Amino acid sequence: MKISTNFRAISFAPIGVMLIGLCSQAKADKLDLGKREYDSACAVCHGITGKGDDGPLKSLLTRPVPNLTVLAKNNKGVFPFDKVFQIIDGRQEVAAHGPRNMPVWGNAFNNQTSLYFDNYPQQDSESAARSRILALTEYLYRLQN
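Think of each chain on its own: its residues are numbered from 1, step by step along the sequence as written. A pLDDT threshold of at least 70 governs which residues receive local features in this predicted model, and a stricter bar of 80 or more applies before side-chain atom pairs are shown or counted, although totals over entire chains, interfaces and linings include all residues. Think of the side-chain values as coming from all heavy atoms in the structure, minus any hydrogens and water.

Peer 1: Would you mind going over helix α2 (residues 33-41) in detail, with residue names and values included?
Peer 2: The rule is simple: take the accessible area with a 1.4 Å probe, protein chains only, and divide by the maximum for that residue type; under 20% is buried, over 50% is exposed, in between is partly exposed. In this description a helix means any DSSP run of H or I spanning at least four residues, a strand means any run of E spanning at least two, and both kinds are numbered starting from the N terminus. For α2, the complete set of buried residues consists of Gly34, Glu37, Tyr38 and Ala41. All buried residues of α2 lie within an arc of 100° about the axis, which places them on one face of the element. Each C-beta atom gives one direction from the helix axis, and the arc is the one those directions make.

Structure, rendered in structure tokens:
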């Protein structure tokens, strides 16, 4: 007995629609690691939106907090990914962040555990820290206006 090609396509269409629906649901349930890292490490100074206007520590800071949503705009429309990554991990000094040891998030991420990266072996904490900084940098990229 032969099944026509048209029937096969019609019979598999509901399965395809179901799989697309499942993928969409899985995508909606994904954890935004970059946002979580931002909320826990940056939002106290730079604010929830990254604009530097609503951070709880803003009133205690001696210098204005930069608006992180215009990094690309201030760099001729190109997000300075490497520079931002290096500022977060401490390789590029920012006077407003104080001496290189405070807050150098690369060291902090190496020394503190993360709820999301605890499966890394002990000797691979640097890789976990880089993953966290990469997720944070990518989140800052998404904040650009």
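There's more to say after this.
Peer 1: So, helix α4 (residues 81-89): which residues are in play, and what are the values?
Peer 2: For α4, every residue scored as buried is listed here: Val84, Phe85, Ile88 and Asp89. Summarising the axial view, the buried residues of α4 lie within an arc of 125°, below the 170-degree limit, and thus occupy one face. One or two positions beyond α4, positive phi appears at Gly90, with a value near 100°.

Peer 1: Lay out the packing of aromatic side chains with the relevant residues and their values.
Peer 2: In summary, the pairing rule links any two rings of Phe, Tyr or Trp, Trp by its six-membered ring, whose centres are within 6.5 Å, and it sorts them by plane angle into stacked for under 30 degrees, edge-to-face for over 60 and tilted for everything else. Evaluated as defined, the whole model comprises three aromatic pairs. Centroid distance Tyr38 to Tyr139: 5.5 Å. Interplanar angle 45°. Geometry classified as tilted. With Tyr38 in helix α2 and Tyr139 in helix α6 (residues 125-142), this residue pair connects regions lying 101 residues apart in the sequence. Summarising the burial analysis for this pair, Tyr38 and Tyr139 share the class buried. The interplanar angle of 65° and the centroid separation of 5.4 Å between the aromatic rings of Phe79 and Tyr141 together place this pair among those described as edge-to-face. In this pair, Phe79 sits in the loop between α3 (43-46) and α4 while Tyr141 sits in helix α6, placing the two residues 62 residues apart along the sequence. Its relative accessible area of 10% is what places Phe79 among the buried residues. Look at Tyr141 and you get partly exposed, because its relative accessible area is 47%. Among the aromatic residues, those joined into a cluster by ring pairs are Phe79, Phe81 and Tyr141.

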